[in-house]
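Given next are the chains, with one letter for each unit.
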Amino acid sequence: MEFRLLGTVSVDTRTGPLPLGPAKRRSLLAALLLSANTPVPVARLTDSLWGEEPPPRARGVIQGHVSRLRALLTGAEAQAYGVELVTLGDAYVLRVPETLLDYQRFEELLMLARQQRSAADTVRMLDDALSLWQGPALGGTFTEGPLQAAAHTLEESRLATVEELARAYADLGEHHRAASVLRAEAVAHPMRESLAAALILALYRAGRQSEALDWFHRTRRLLADELGIDPGHELADAYALILRGGPRPGAAPAGGTDAAGASRAGTGPAEGAGTTAPPGPRVPAAHSPSVAPPHPTDLLPRAPRGFHGRNAELAALTRAAAGEAPVCLVTGPAGVGKTSLALQWAHHNPAAFPDGRLFADLRGFSETGEPALIDVLREFLLALGVAPRRVPESVSAAAALFRSLTDRRRLLVVLDNARDSATVRALLPGGTDCVTLVTSRNRLEGLIASDAARPVPLGILEPQDGTALLAGVLGEERILAEPVAARRLAELCGGLPLALRVTAARLAGRPQWTLAGLADELADERGRLTFLDVDDTGVSAALRLTVQQLPAYAVRQLARLGHHPGGHFDPYTCAALAGTDPAAAAAALERLGSAHLVTETAPGRWVLHDLVRLYARGLDPASGAEALVDVLDHYIATALAAADTAEPGGEPCFVLPEGYRPAAVRDFADRAAAMHWLATERDDLARAAVAARGAGLHDRAWRIILLQWPQVVWRVRDSWAPLLELALDSARAKQDLYAESRVLNLLGWVLTEEGRTAEALTLLERSPGLAQQAGDRLGEATALINLAVVQAGQGELDRALEGCGRAVVLAREEEDRHTEMLALQHLARLQLSAHRPGDALGSARTALALGPEHEEAARRSLLLAVSGEARLALGEEDEGILLLDRAAEEAERAGYDEGAVRALEALLRVSARAEYRTRHALALRRLTDEG
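Residues numbered from 1 in each chain as written. Predicted model: local features only at pLDDT ≥ 70, side-chain atom pairs only at ≥ 80, totals over all residues. Heavy atoms only, no water.

Caption draft 1: Representation of the environment of R357 within the structure. The residue R357 is located in strand β8 (residues 357-361) in this model. For R357 and I460, which are 103 residues apart along the polypeptide, the C-alpha to C-alpha distance reads 28 Å. Every residue in contact with R357, bar those within four places of it in the chain, is listed here: T297, D298, L299, L300, A346, H347, P350, L411 and L412. One polar contact links the side chain of R357 to the main-chain carbonyl oxygen of A346, over a distance of 2.8 Å. (Helix = DSSP H or I, 4+ residues; strand = E, 2+ residues; numbered from the N terminus. Contact = heavy atoms within 4.5 Å. Polar contact = N/O pair within 3.5 Å; in protein donor to acceptor, adjacent residues only side chain to side chain.)

Here it is, written out as structure tokens:
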């Protein structure tokens with residue numbers, strides 16, 4: 001027996017492949033095989049088969065497919081091979097020896113190949129590994145979501161193996177064979193640059209230089225036409241090696257190296273390094289009397305000291321600079337280290353720019369104001385050898401001369417602290433071999449649109465890099481003496497290099513201070529920004545210069561965001577905070593985002609850096625209390641709408657808090673949308689409740705928590721108890737018996753589901769009495785139902801029956817059919833457990849008589865099925881079969897296939913009619929259909 005994923009998903013046996021059936025079943029098998037011998041939860045299987053939009057009957061569909069797979073494996077005598085598909089709680093595990101999995105054998109052969117000392121042995125092992133592939137990985141499945149990612153990973157492994165095989169052939173000197181292996185894959189994956197680069201080098205080393213160059217240009221054109229990008233460093237290096245006539249096997253390496261040289265962007269030594277000086281600039285106007293003899297110039301400030309990390313961003317800059325006349329745009333918030341990154345990269349690549357490096361601080365965010373464009377251009381022209389009296393007086397003429405002088409030069413132009421795109425455009429050089437590097441706190445999207453600027457966003461430092469930055473100023477010994485405190489300091493500085501440097505400066509001047517002591521000071525949010533300012537430098541000063549550029553509406557929005565208790569926000573939340581509408585709030589967020597004061601992590605979802613939040617809070621401290629109430633009421637209004645959409649008619653909070661003033665609230669299209677909002681906002685709703693409690697707004701705190709009840713019910717085992725206990729404290733602080741009873745009711749049910757029955761019983765026994773005192777008769781009925789479930793589980797069936805009966809009476813008196821049907825359904829079950837089928841039948845009948853228009857088909861089907869079971873227990877087999885048949889029919893008409901399967905299975909236990917078997921098979925097939 002063999003399980004194949006490297007090609008069409010299949011199971012090979014001695015008698016041939018198993019008939020796996022539809023693609024969904026193959027997808028399920030693939031998901032189990034990819035996690036062989038590990039339990040795979042139903043939730044993960046659901047994601048693998050349907051992604052973000054599973055059908056309502058997903059669990060039943062999965063159960064049906066598992067049943068079919070288990071039958072197929074059993075029929076193929078899988079147990080004899082150690083193969084078994086078993087159920088473990090809410091998960092399935094496919095136990096299978098790794099030797100039966102083709103992808104495991106593939107990985108094993110790869111590992112063995114890498115351990116071989118002989119290139120010939122490596123070639124044999126890699127050939128064997130690749131022979132296991134029979135087509136694209138996971139063929140015949142729905143490769144979406146997790147399966148798509150797995151298929152991509154397997155394919156990447158295969159392509160990397162092909163490249164390893166080519167290198168092994170190259171080690172043997174068989175460059176023609178290396179090229180042959182690579183060509184087929186390069187044709188199939190024309191935009192995989194590593195394959196193209198390897199093929200180009202293989203062709204060149206095989207003496208086929210014209211083919212190598214042809215393949216480079218073909219790939220370059222394809223990348224430009226299809227993706228709008230220039231070749232990456234691998235392709236650029238391979239091309240540069242060919243142009244320099246770099247060494248082939250057996251030739252003496254030029255300059256003592258066989259490595260690819262620098263591209264135009266510069267990733268290594270310049271062309272001809274070590275042999276001749278770089279050629280001078282080729283400027284048509286060089287003999288004009290207005291221009292002095294050309295000479296390299298360097299206006300760069302010194303390289304930054306104590307620079308750490310940013311390897312990914314430096315590599316991104318190198319890639320961005322590899323195109324034709326590239327404009328590289330480094331953007332990020334104040335203090336994130338944009339200038340340091342730009343200078344570090346510029347100083348690291350001097351040989352790439354033999355005609356010079358220009359630098360201008362455009363002071364776009366400075367209190368001294370921006371320099372005049374003509375002054376910047378004059379400095380550039382003088383540096384390029386233009387006589388002072390020949391510098392044009394107008395910006396347009398000076399810019400034109402600058403473009404003409406740079407037309408055929410290889411020059412770097414660094415424009416630091418640019419405020420807008422128009423300023424940058426006037427300073428762009430004219431040469432296709434020139435690189436322009438711009439830094440800005442704004443996104444400068446206009447420059448991206450007009451000049452194809454390549455953005456390189458700069459974020460905060462990781463904790464280890466932040467700690468290294470501190471060590472660069474304070475010394476390794478001081479950091480090693482307090483490693484935990486050093487990491488804590490890096491985290492309190494929010495990974496912002498400016499904040500880290502200010503912190504290091506404070507500590508450097510005070511050797512008697514400990515890192516832990518300063519960390520304790522910074523932990524207090526009220527004084528953190530003060531500690532992060534030194535002299536005229538600091539986080540507050542940098543942020544102030546950014547905020548000064550904002551319009552008033554954006555400043556007001558930022559100030560209110562400082563008082564937001566959550567971790568993220570959307571236009572609706574912002575509108576509530578600022579007292580505007582969602583459209584105006586969205587516009588303010590876009591403006592703040594453009595200035596890198598807020599960050600959009602997903603469409604319509606924004607976050608605020610901790611230090612920006614503290615600064616924003618100080619912009620309007622007096623509005624904090626009002627802003628908190630506004631956002632709390634917004635959350636209450638939105639949660640009310642979500643709960644009403646998710647569970648119509650079941651809203652637990654009927655009385656709104658005093659002074660309640662909601663802003664605009666989003667609409668929820670359906671239950672799925674409402675549940676999604678409750679799930680994604682869970683953490684922020686919890687933070688809001690904690691903030692409400694801390695501010696003494698207990699009436700808001702318990703409501704925000706209790707309004708999440710649809711999500712609590714849906715994810716009951718998801719650690720809700722601590723949050724509900726907070727709600728209970730707030731309800732008691734307000735001496736609100738209604739709230740306390742409702743919270744106790746939900747908390748008791750959660751504890752019951754967690755197996756903490758004794759605690760649940762203690763709480764639930766108090767809830768009905770509190771509800772009665774509060775006059776909350778429906779709350780009392782629900783409490784009695786939940787209490788009855790626990791009591792029955794404890795063996796107190798008589799008390800459970802009594803409580804459930806009381807719940808029926810209360811719901812009936814309140815004329816609430818939803819609660820009455822719920823109570824009657826539970827009462828009928830309890831009566832069956834007490835061997836009182838007649839009473840159970842009566843309760844079910846009463847519930848059904850409340851009206852088919854009120855409840856969904858699922859509940860009616862369940863009640864009919866209970867009635868049928870009661871009839872059977874009474875010995876009335878014909879009537880029981882009739883009721884079960886009706887339950888199945890009603891479920892079938894409504895498309896409730898799970899209910900149909902359940903009722904028909906009950907029928908098959910007492911009847912052998914072929915009709916039931918046929919209907920059962922059809923219902924089961926519908927459950928396992930593709931849709």
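Caption draft 2: Up close: unusual backbone geometry. Despite not being glycine, L444 has its phi angle at roughly 50°, a positive value. Among the secondary structure elements, L444 is positioned in the loop between β10 (435-440) and α16 (445-451). Here L444 falls in the buried class, since its relative accessible area comes to 6%. Phi at H835 is positive, roughly 60°, even though this residue is not glycine. For H835, the position within the fold is in the loop between α38 (817-833) and α39 (837-848). Here H835 falls in the exposed class, since its relative accessible area comes to 71%. (Buried < 20%, exposed > 50% of the residue type's maximum accessible area, 1.4 Å probe, protein only.)

Caption draft 3: The sheet that holds strand β9 (residues 412-416), seen in detail. A sheet is described by the order of its strands in space; here five strands give the open sequence β8-β9-β10-β7-β11, paired in parallel fashion. Either end of the sheet is taken by a strand with one partner, and the two such strands are β8 and β11 (454-457). Here the strands of the sheet are splayed against their neighbours by 15° on average, with no regard to which way each runs. Two elements, strand β7 (residues 327-331) and β11, share four bridges in a ladder whose sense is parallel. Bridge assignment links T331 to a residue of β11, and that residue is P457. (Pairing = 2+ DSSP bridges. Axes fitted to C-alpha atoms, helices over the stretch in contact; angles between N-to-C directions.)

Caption draft 4: Expanded view of the confidence of the model for the chain. Mean pLDDT for the chain: 83, with 91% of residues reaching 70 or above. Every residue in residues 250-295 is under pLDDT 50, and counting partners more than four places away or in other chains gives 77 contacts. (pLDDT = per-residue confidence, 0-100.)

Caption draft 5: Layout of helix α8 (residues 193-205). Between its terminal C-alpha atoms α8 stretches 18 Å, which fits the 18 Å expected from 13 residues at 1.5 Å a residue. Counting buried residues in α8 gives 11 out of 13 residues, a clear majority hidden from the surface. By the burial criterion, the buried members of α8 are E193, S194, L195, A196, A197, L199, I200, L201, A202, L203 and Y204. (Expected span 1.5 Å × (residues − 1).)

Caption draft 6: Representation of the packing of helix α11 (residues 311-320) against helix α12 (residues 338-348). Viewed as axis vectors pointing N to C, α11 and α12 meet at an angle of 60°, and their least axial separation amounts to 10 Å. The orientation of α11 relative to α12 falls into the category oblique. Here α11 runs over α12; the crossing is right-handed. Two secondary-structure elements touch here, α11 through E313, L314, L317 and T318 and α12 through L341, Q344 and W345. Grouping the amino acids of the contact of α11 with α12 by side-chain chemistry returns four nonpolar, two polar and one charged. (Parallel < 35°, antiparallel > 145°, perpendicular 65-115°, else oblique. Left-handed = near helix turned anticlockwise from the far one by under 90°. Nonpolar A, V, L, I, M, F, W, Y, C, P; charged D, E, K, R; others polar.)

Caption draft 7: Region of interest: the nonpolar core. Within the largest apolar cluster, 123 residues are counted, with the highest numbers of intra-cluster contacts made by W345, L437, L561 and L597. Within the second largest apolar cluster, 79 residues are counted, among which are L126, V162, A166 and A186. (Core = buried A, V, L, I, M, F, W, Y, C linked by side-chain atoms within 4.5 Å.)

Caption draft 8: Fine view of the sheet that holds strand β3 (residues 16-17). Within the open sheet, the three strands sit side by side as β1-β2-β3. Their pairing is antiparallel. In this open sheet, the two strands that pair with only one neighbour each are β1 (2-4) and β3.

Caption draft 9: Layout of the packing of aromatic side chains. Across all of its chains, the model carries five aromatic pairs by this definition. Judged by centre distance (5.7 Å) and plane angle (80°), the rings of F106 and W133 are edge-to-face. With F106 in helix α4 (residues 102-114) and W133 in the loop between α5 (119-131) and α6 (146-171), this residue pair connects regions lying 27 residues apart in the sequence. Overall, F106 belongs to the buried group, its relative accessible area being 0%. Taking 5.5 Å as the distance between ring centres and 35° as the angle between the ring planes, the aromatic pair formed by F380 and F402 counts as tilted. One end of the pair, F380, is in helix α13 (residues 373-383); the other, F402, is in helix α14 (residues 395-405), with 22 residues separating them in the sequence. Lying across the ring of W133, R158 places its NZ or CZ 5.7 Å from the centre. (Phe/Tyr/Trp six-rings, centres within 6.5 Å; stacked < 30°, edge-to-face > 60°. Lys NZ or Arg CZ within 6 Å of the ring centre and 35° of its normal.)

Caption draft 10: View of the side chain of T161. Relative to the assigned elements, T161 resides in helix α6. Leave out the neighbours within four places in its chain, and T161 touches F106, L110, L126 and L130.

Caption draft 11: Focus on helix α28 (residues 624-646). Here α28 contains 23 residues, and its C-alpha end-to-end distance of 32 Å stays within 8% of the 33 Å for a straight helix at 1.5 Å per residue. The buried fraction of α28 is high, at 18 of 23 residues.

Caption draft 12: Fine view of the pattern of salt bridges. Evaluated as defined, the whole model comprises 53 salt bridges. For E84, the salt bridge identified is with R95, shortest N-O distance 3.8 Å. In this pair, E84 sits in strand β5 (residues 84-88) while R95 sits in strand β6 (residues 91-95), placing the two residues 11 residues apart along the sequence. Owing to a relative accessible area of 33%, E84 belongs among the partly exposed residues under this scheme. The partly exposed category is assigned to R95, whose relative accessible area is 37%. For the salt bridge of E820 with R812, the shortest nitrogen-to-oxygen distance reads 2.8 Å. One salt-bridge network, held together by shared partners, links D885, E892, R913, E915 and R919. (Salt bridge = Lys/Arg side-chain N within 4 Å of Asp/Glu carboxyl O.)

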